[in-house]
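Descriptive structure summary
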Amino acid sequence: MAMQAPAKRDEVARNTGKPPGNSLSTAEKVAGWYPFIYGEKSMVAMSTNPLAGLLRKSPFKPIQQHMRTVYTCVELLPSLFDALHERDLEKVQQVSSQIATLESESDLIKSHYRHNMPKTLLLPVDRKDLLSLIHEQDALADSVEKISQILTMRDMVIPVAIKTGLDDLLRGTVEISHQALTMIEELDELVHVGFSGKEHDKVTRMITGVRKSEHNIDKVLRTVNRTLFGVEQELDPISVIFWYKIIEEIGDISDHAENMADRLLLFLSK
Amino acid sequence: MEVIAAYGTILIVLAVIFGLYMTWGVGANDLANAMGTSVGAGAVTVKQAIGIAIVFEFAGAVLAGGNVTKTIRKGIIDPTAITSSPEILVYGMLAALLAAAVWLMIASSRGWPVSTTHSIVGALIGFAVVGIGPDAVNWGKVGKIVASWVISPLIGGTIAFLLVMSTRKLIFNTDNPLKNAKKYAPFYIFLVGFVISLVTLFKGLKHLNVELTAVQSFGLAILIGLLTSAVGIFFIRKVKEDPEADKDFHFASVEKVFTPMMLFTACSMAFAHGSNDVANGIGPLAAVISIVTSGGEVMQSSEMPVWILVVGGTGIVLGLVTLGYKVMLTVGTKITELTPSRGFCAELAAASTVVLASRTGLPVSTTHILVGSVLGVGLARGIGALDLRVVLNIIISWIVTLPAGAVMAMVFFFFLKGVFG
């Protein structure tokens, strides 16, 4: 998703007044994206107009921006495994460091978000549910990072027997993550209609879709694990353990996506 | 008596100066806050807001400001005890004006959300208690006024809540929101014109000697409503669907329809504000003029001359143009979370409530009612995040403003008494 980068850079340039470029640290980039703290002064409204302090920035936009970052991270998984398949260790390193950067950006967004959710806010949804949602989203990126870490710390070789299964798994994982992203993108529409009506039904269908996808991925997971079990005697035992670990982590990604859908269901039902 | 005869002109001049100072503060502060929502939602530019404010604030003050001015002028203080020394009332009114204006200045520089209405009422009570006696205060009326300060934001909130629900049912939750938005927009705009006119004109404008029966009032209100609707339809026709923006946010085009609608609520906010808050400055001024020109008649049975309302309007507009426009700019940039559809509901609710209060002669705080309306929208789960600490700040400012205004008025009163004797 390289095309996202220029748009983000422009936004950063607009918000921080600095020319776009790689000179900005991640912290500055994040700070540029989320002037979530009202104005320069944090807590109490420092204007004679109470309305300015009353209307805080939407708590849903940062969640959406966070999810976009997380999804960009997940999308890198197939290319990571492709590089591994081609035994291009340099490319593996490259993609891994991209993943690491994205993961720490999303961490920053998450902690920035947490710091700006005082209990005194009147929100259309439960504050705890919002914080849990961003936690689940972040867990997605964490899983991706764990996988890439394993692949860089050891020179792994994809067992031929599970190659097709693994490809299916990765495809399904990216797909369910995209479904989760689409779901999260509907959040601002949901707020607008007060979590009711047609939008409510639309998102409910999306949630069901995510659940179905997770169920299907579970099936593929079982198959892949079973296949690996079938050939594990022929492979180096330590590598096998790590492959089981990698498969488990990939499965975790879709679990987190399903948990996100559950959180959204809470928004709709309350 | 002699004081008035001797110093009559000076006292009037002082009254006009203090009155202008007070209304200037109201314009720089309060009005900017009231119009800021429309600016923030992108419905009007700052220049357009100033233009609207000039016209409608004046109109509100002249057409609908009579009752509140009467309350401030003679509804709160009962001066029967000092009929023989009317100059005390004059000093008191001057002191109250000055106190309220100074308090407003102090609070603005510190960024405290104080209400001009609360300041002047507190100041008047303060003077009355020490200048005449606790019995001179019409505590029954004061009780009603304080009750209205609590109830009016609630009413604004309720109306806003219902309006948001109606937009959801009629527009946002339908199969074709954009089509329905264009279909129902004229009815909402009609509401703006109709409600404001009805409340203002019901059974006539006494201080302008315009007599209207209930039926005539309804008829005229409906006519005005239809007129505003017609103008509104002209604006709405111009709104084009934006498919690009709709990809990002499905309701982007619908919000575009609400943007010109906020133009009308901006006018109504200015009108409502004029009807209620101009009185804060010119009520005491009217009292002083009445007492001096009648040669010391403390019961103020004279009718209020319209030119005083014009003076008040001028002061407010001056305040808006000199300082208020900067406030509007800052406020406007900070209130970006209020989309046009929400802003419309909040402003219509607030304007209606304020005009209703003005009709019944109750001085209320426009800003606080607007806050109540926005909270009403938030309770309908229509806004992302509202910081409730602001509500706490407002309550604290209530508790501080009344005594602060009262104490300052007392001080100024004794000072004036010392100077003029």
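Residues numbered from 1 in each chain as written. Chains lettered and ligands numbered in written order. Predicted model: local features only at pLDDT ≥ 70, side-chain atom pairs only at ≥ 80, totals over all residues.

Remarks on the overall build of chain B
So the rule is basically this: Helix and strand definitions follow DSSP, with helices as H or I runs of at least four residues and strands as E runs of at least two, each counted in order from the N terminus. Radius of gyration: over C-alpha atoms. The globule rule applied is 2.2 Å multiplied by the number of residues raised to the 0.38 power. In this scheme every C-beta is placed from the backbone, and a residue whose C-beta has 20 or more other C-beta atoms within 10 Å is buried, one with 12 or fewer is exposed, and one in between is partly exposed. Here the contact rule is simple: place C-beta atoms from the backbone, and any two residues whose C-beta atoms are within 7 Å are in contact.
Broken down by element type, chain B carries 14 helices and 1 strand. Scaling as 2.2 N^0.38, a compact globule of 421 residues should have a C-alpha radius of gyration of about 22 Å, and chain B matches this with 22 Å. A principal-axis box enclosing the C-alpha atoms of chain B has dimensions of 75 × 45 × 35 Å. Taking all 421 residues of chain B together, 62% fall into the buried category. In chain B, 87% of the contacts between residues at least 6 apart in sequence involve partners at least 24 apart.

Observations concerning the overall build of chain A
Counting its regular elements, chain A contains 10 helices and 2 strands. Going residue by residue from the N terminus, the α and β elements of chain A occur as α-α-α-β-α-α-β-α-α-α-α-α. Of all 270 residues assigned to chain A, the portion counted as buried reaches 36%. Contacts spanning at least 24 positions in sequence make up 79% of the contacts within chain A whose residues lie at least 6 apart.

Here we look at the interface of chain B and chain A
Quick note on the threshold: As a working rule, the residues Ala, Val, Leu, Ile, Met, Phe, Trp, Tyr, Cys and Pro are called nonpolar, Asp, Glu, Lys and Arg charged, and the rest polar, with Gly in that last group. The criterion for strand pairing is that DSSP finds at least two bridges linking the strands in question.
Listed as interface residues are 39 residues of chain B and, on the opposing side, 34 residues of chain A. Mapped by element, the contributors of at least two residues to the side of chain B that touches chain A are helix H1 (2-40), helix H4 (87-110), helix H6 (139-172), helix H11 (306-334), helix H13 (366-379), strand S1 (385-387) and helix H14 (389-420) of chain B. No other element matches H13(B), which puts 5 residues into the side of chain B that touches chain A. Of the residues contributing to the side of chain B that touches chain A, the split by class is 19 nonpolar, 14 polar and 6 charged. Bridge count between strand S2 (residues 121-122) of chain A and S1(B): 2 bridges; the pairing is antiparallel. By the bridge assignment for S1(B), A:Leu121 is matched with B:Asp387.

Structural notes on the sheet that holds strand S1 (residues 55-56) of chain A
The sheet built from 3 strands is open, its strands ordered S1(A)-S1(B)-S2(A) with antiparallel pairing. On the outer flanks of this sheet lie S1 and S2 of chain A, each paired with one strand and no other. In terms of strand pairing, S1(A) meets S1(B) through 2 bridges, oriented antiparallel. The partner of A:Leu55 across the bridge, within S1(B), is B:Leu386.

Here's the deal with the packing of H6(B) against H13(B)
All names here are of chain B. To be explicit about the condition: Axes here mean lines fitted to C-alpha atoms, for a helix over just the part in contact, with angles spanning 0 to 180 degrees between N-to-C directions. When describing relative orientation, an angle under 35 degrees is termed roughly parallel and one over 145 degrees roughly antiparallel, while 65 to 115 degrees is termed roughly perpendicular and anything else oblique. Here is the rule for handedness: rotate from the far helix to the near one, and if that takes an anticlockwise turn smaller than a right angle the crossing is left-handed, while a clockwise turn gives right-handed.
Remark: H6 packs on H13, axes separated minimally by 7 Å, with the N-to-C direction vectors making an angle of 40°. It follows from the interaxial angle that H6 and H13 lie oblique. Helix-helix and strand crossings are classified by hand; for H6 and H13 the assignment is right-handed. Contact residues: H6 offers Ser152, Pro153, Leu154, Gly156, Gly157, Thr158, Ala160, Phe161 and Val164, while H13 offers His368, Ile369, Val371, Gly372, Ser373, Leu375, Gly376, Val377 and Leu379. Of the residues assigned to the contact of H6 with H13, the class counts are 10 nonpolar, 8 polar and no charged.

Re the confidence of the model for chain A
Residues and elements named next belong to chain A. We apply this condition: Per residue, pLDDT captures the predictor's confidence, and it can take any value from 0 to 100.
Confidence in the prediction for chain A averages 83 pLDDT; 82% of positions are at 70 or higher. Looking across chain A, the model is least confident in helix H1 (residues 4-16), with a mean pLDDT of 43, and most confident in helix H7 (residues 163-185), with 95. This stretch, residues 1-24, has a pLDDT under 50; its non-local contacts, to residues over four places away or in other chains, come to 20 contacts. Contacts of residues 29-47 to residues separated by more than four positions or lying in other chains number 43 contacts, the stretch itself having pLDDT below 50.

Topic: unusual backbone geometry
All names here are of chain A. A positive phi angle, near 60°, is found at arginine 87, a position not held by glycine. One non-glycine residue with positive phi stands out, namely phenylalanine 195, at about 60°. Secondary-structure assignment places phenylalanine 195 in the loop between helix H8 (187-192) and helix H9 (197-231).

A few points about the environment of B:Leu362
Residue and element names in this part refer to chain B. Inspection of the secondary structure assignment puts leucine 362 in the loop between helix H12 (340-359) and H13. In this structure leucine 362 comes out as buried when scored by C-beta crowding, with 23 C-beta atoms within 10 Å. Along the sequence, leucine 362 and aspartate 246 sit 116 residues apart, while their C-alpha atoms lie 44 Å from each other. When sequence neighbours within four positions are dropped, the list of residues in contact with leucine 362 reads Lys144, Ile145, Ser148 and Ala357.

Focus: the confidence of the model for chain B
Overall, the predicted model of chain B reaches an average pLDDT of 85, with 98% of residues at or above 70. Interface predicted TM-score (ipTM) for the complex: 0.74; the corresponding pTM is 0.82.

With respect to the environment of B:Ala385
For B:Ala385, the position within the fold is in strand S1. Spatially, the C-alpha atom of B:Ala385 lies 59 Å from that of B:Ala5, the residues being 380 residues apart in sequence. Not counting residues up to four positions away in its chain, the partners in contact with B:Ala385 are A:Arg56, A:Ser58, A:Pro59, A:Leu121 and A:Leu123.

Points about the packing of helix H4 (residues 60-85) of chain A against helix H6 (residues 127-153) of chain A
Residues and elements named next belong to chain A. Packing of H4 against H6 brings their axes to within 10 Å, and their N-to-C directions diverge by 20°. Here H4 lies roughly parallel to H6, going by the angle between them. Note that H4 runs across H6; the crossing there is left-handed. In this structure, H4 uses Ile63, His66, Met67, Val70, Cys73, Val74, Leu77, Leu80 and Leu84 to contact H6, whose residues at the interface are Leu130, Leu133, Ile134, Gln137, Leu140, Ala141, Val144, Ser148 and Leu151. Among the residues forming the contact of H4 with H6, the class breakdown is 15 nonpolar, 3 polar and no charged.

Quick look at helix H8 (residues 214-237) of chain B
Residues and elements named next belong to chain B. Spelled out, the test is: In this analysis, the expected span of each helix is defined as 1.5 Å times one less than the number of residues it contains.
Its 24 residues place the ends of H8 34 Å apart at the C-alpha level, agreeing with the 34 Å of an ideal helix rising 1.5 Å per residue. Taken residue by residue, H8 has Ala221, Gly225, Thr228, Ser229, Gly232 and Ile236 as its buried positions. At its buried positions, H8 is contacted by helix H7 (177-201) and helix H10 (252-293).

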